[in-house]
Amino acid sequence: MKSHIKILLDIIMIVLFLYLIYYHPGMGLRIHALLGIALCVMFVLHHFLNIRWYAVLFKGQYHFRRMIMTASDFLLFFAMLAIMVSSLMISGLVFPISFLPAAFYWRDIHAMSTAWGFVLMAFHLGVHSHSLLSGMEKRMSEIIFGYVVYLLELLVLGAGIYGFLQSGLWNDMRMIPQSLPPLPVSLFYAEYIGIIGGMCVAVHFLTAVIQGQKKGI
C-alpha cells in the first residue's frame, strides 16, 4: 500500500512540476505560487515516506549505481531547496503579507534552480528506470525483432536531445536571461516529456556500459 502511495505521489509531483515550469504571464502568478507551495509540501512528504533511505545511507557497499543514485538524490534535494528559498524571497510579488523584500535577481536564481531541478529529476528517474529498461530489452531480445527496442530507445534519446536544445534549459541552468515565446501546451509537454525519456535512456546506456566494463575487468 505504501509503495502505491509513493508511486502516485511521484507521478503527481512530476505532473505538477511540469505545469509550474510551463508558467508564463497570464496564467496567474498567485495560482503558480500556491501550486508551488503544494509541490514543496509533496517533496517533504516524499522524503518522509522514504525515511528508511537515510537510515541505511552509511550501510552496505557503494557500487556504481548506488553512488550515482545517492549523488543525484542529494543534488536534487539541494536544487529543490534552492527553488523553495528563491520562491520565498520573491513571495512579496504575490503575497502582500510577505515580510521579505522582493529582489528581482532572485527570479533569475529561481529560474536557474528550477532548470537544474528538472534535469536532476529526469536523471533521478533515469537511475531508477535502468532495471525496467534492462528487463524490457531482455524480453524483447527473445523475439525475432528484438533489435526494435534499441531503435526505439535511440529515437527517444534523439528526441530528448532535440527537446533539450530547443527548450532553452541550458541557458536557464547557467542563469542566462532569455525571453522565449510560450509554446503551445501540447508542444511544451511533448518537448519536456521527451527530455525526461531521453535522459532515462542516456542514464540507462551509461550505466550498462560502465557495469559491462566492470564485469570485463
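Up top is the structure these notes are about.
This section reports on the structure supplied with the text. (Residues numbered from 1 in each chain as written. Predicted model: local features only at pLDDT ≥ 70, side-chain atom pairs only at ≥ 80, totals over all residues. Heavy atoms only, no water.)

### Structural notes on the overall build of the protein chain
Rule in force here: Per the convention used, a helix needs a DSSP run of H or I reaching at least four residues, while a strand needs a run of E reaching at least two, with both numbered from the N terminus. Only protein chains enter the accessibility calculation, which uses a 1.4 Å probe; a residue is then buried when its area is under 20% of its type maximum, exposed when over 50%, and partly exposed in between. The criterion used for residue contact is that any of the two residues' heavy atoms lie within 4.5 Å.
Along its length, the protein chain carries 9 helices and 0 strands. Reading the protein chain from its N terminus to its C terminus gives the helix and strand order α-α-α-α-α-α-α-α-α. Within the protein chain, buried positions represent 36% of all 217 residues. Within the protein chain, contacts between residues at least 6 apart in sequence are counted, and of these 71% link residues at least 24 apart.

### Concerning the packing of helix H2 (residues 29-49) against helix H4 (residues 64-89)
The following threshold applies: To obtain an axis, a line is fitted to C-alpha atoms, over the contacting stretch when the element is a helix, and the angle between two such axes runs from 0 to 180 degrees between their N-to-C directions. Oblique is the label for any angle not covered by the other classes, which are roughly parallel (under 35 degrees), roughly antiparallel (over 145) and roughly perpendicular (65 to 115). Crossing handedness: left-handed means the near helix sits turned counterclockwise from the far one by under a right angle, and right-handed means the same turn made clockwise. For this classification, the nonpolar set comprises Ala, Val, Leu, Ile, Met, Phe, Trp, Tyr, Cys and Pro, the charged set comprises Asp, Glu, Lys and Arg, and every other residue, Gly included, is treated as polar.
Following both chains from N to C, one finds H2 and H4 inclined at 150°, their axes separated by 11 Å at the closest point. If you check the angle between H2 and H4, you find them roughly antiparallel. Between H2 and H4 the crossing geometry is left-handed. Note on element contacts: H4 touches H2 through Phe77, Met80 and Met84, opposite Leu39, Cys40, Phe43 and His47. For the contact of H2 with H4, a count of residues per class yields 6 nonpolar, 1 polar and no charged.

### A word on the packing of aromatic side chains
The geometry of an aromatic ring pair comes down to the distance between the two centres and the angle between the two planes. To keep it simple, the criterion reads: Stacked, tilted and edge-to-face pairs are distinguished by plane angle, under 30 degrees for stacked and over 60 for edge-to-face with tilted covering the rest, among Phe, Tyr and Trp rings (Trp via its six-membered ring) whose centres lie within 6.5 Å. Charge-over-ring contacts are defined here by two conditions on Lys NZ or Arg CZ: a distance within 6 Å of the ring centre and an angle within 35 degrees of the ring normal.
Using the criterion set out here, one finds 9 aromatic pairs in the structure. Here the aromatic rings of Trp53 and Tyr54 are separated by 4.9 Å at their centres, their planes lie at 80°, and the arrangement is edge-to-face. Its relative accessible area of 25% is what places Trp53 among the partly exposed residues. Overall, Tyr54 belongs to the partly exposed group, its relative accessible area being 33%. Among the aromatic side chains, those forming a connected cluster through ring pairs are Tyr22, Phe118, Phe188, Tyr189 and Tyr192. Its guanidinium or amino end placed over the ring of Tyr62, Arg66 lies 3.9 Å from that ring's centre, counting from NZ or CZ.

### Let's talk about the layout of surface pockets
One water molecule sets the probe size; rolling that probe over the atoms shows where empty space is left. For clarity, the threshold we go by: Lining residues are defined by having an atom within 4 Å of a point belonging to a cavity or pocket. Those points lie on a 1 Å grid over the protein atoms alone, cavities being sets where a 1.4 Å probe fits but cannot get out and pockets being open sets with protein on both sides within 12 Å along at least five of seven lines. Grid points are joined across faces, edges and corners, and a volume is the space filled by probe spheres set on the points.
Empty space within the largest pocket amounts to approximately 1600 Å³. Leu20, Ile21, Tyr23, His110 and Ala111 are, among the 49 residues lining the largest pocket, the residues nearest its centre. At the level of secondary structure, the elements contributing two or more residues to the lining of the largest pocket comprise helix H1 (2-21), H2, H4, helix H5 (105-128), helix H7 (148-167), helix H8 (169-173) and helix H9 (185-216). Here the residues of the lining of the largest pocket are counted per class, giving 34 nonpolar, 11 polar and 4 charged. Considered as a void within the structure, the second largest pocket measures approximately 750 Å³ in volume. If you go around the second largest pocket, you meet 28 residues; those closest to its centre are His46, Asn50, Asp73, His124 and His128. Elements with a contribution of two residues or more to the lining of the second largest pocket: H1, H2, helix H3 (51-55), H4 and H5.

### What about empty space enclosed by the protein?
Counting across every chain of the model gives 1 cavity of 30 Å³ or more. Estimates place the volume of the largest cavity at around 40 Å³. Lining the largest cavity are Tyr19, Leu20, Tyr23, Met27, Gly28, Ile31, His32 and Leu35. Counting only elements with at least two residues in the lining of the largest cavity, the list comes to H1 and H2. Tallying contributions element by element places H2 first for the lining of the largest cavity, with 3 residues. When the residues that make up the lining of the largest cavity are grouped by side-chain class, the tally is 6 nonpolar, 2 polar and no charged.

### Quick look at unusual backbone geometry
Of note, the phi angle at Met175 is positive, near 55°, even though the residue is not glycine. Residue placement: Met175 occurs in the loop between H8 and H9.

### Looking at the side chain of His130
Stated precisely, the cut-off is as follows: N or O atoms within 3.5 Å of each other form a polar contact, as long as, within protein, one can give a hydrogen and the other can take it, and as long as residues adjacent in sequence are counted only when both atoms are side-chain atoms.
Mapped onto the secondary structure, His130 falls in helix H6 (residues 130-140). Given the relative accessible area of 7%, His130 is considered buried. At 2.9 Å, the side chain of His130 and the side chain of His204 are in polar contact. With residues near it in sequence (within four places) discarded, His130 still touches Arg65, His204, Thr207, Ala208 and Gln211.

### Details of the nonpolar core
We apply this condition: Throughout, nonpolar core names a set of buried Ala, Val, Leu, Ile, Met, Phe, Trp, Tyr and Cys residues whose side chains join them through atoms within 4.5 Å.
Membership of the largest hydrophobic core comes to 29 residues, with the highest contact counts inside it found for Phe17, Leu39, Phe118, Leu169 and Tyr192. Residue assignment for this core shows that the elements contributing at least two residues are H1, H2, H4, H5, H8 and H9. With 5 residues, the next largest nonpolar core counts Phe64, Met69, Val127 and Val203 among its residues.

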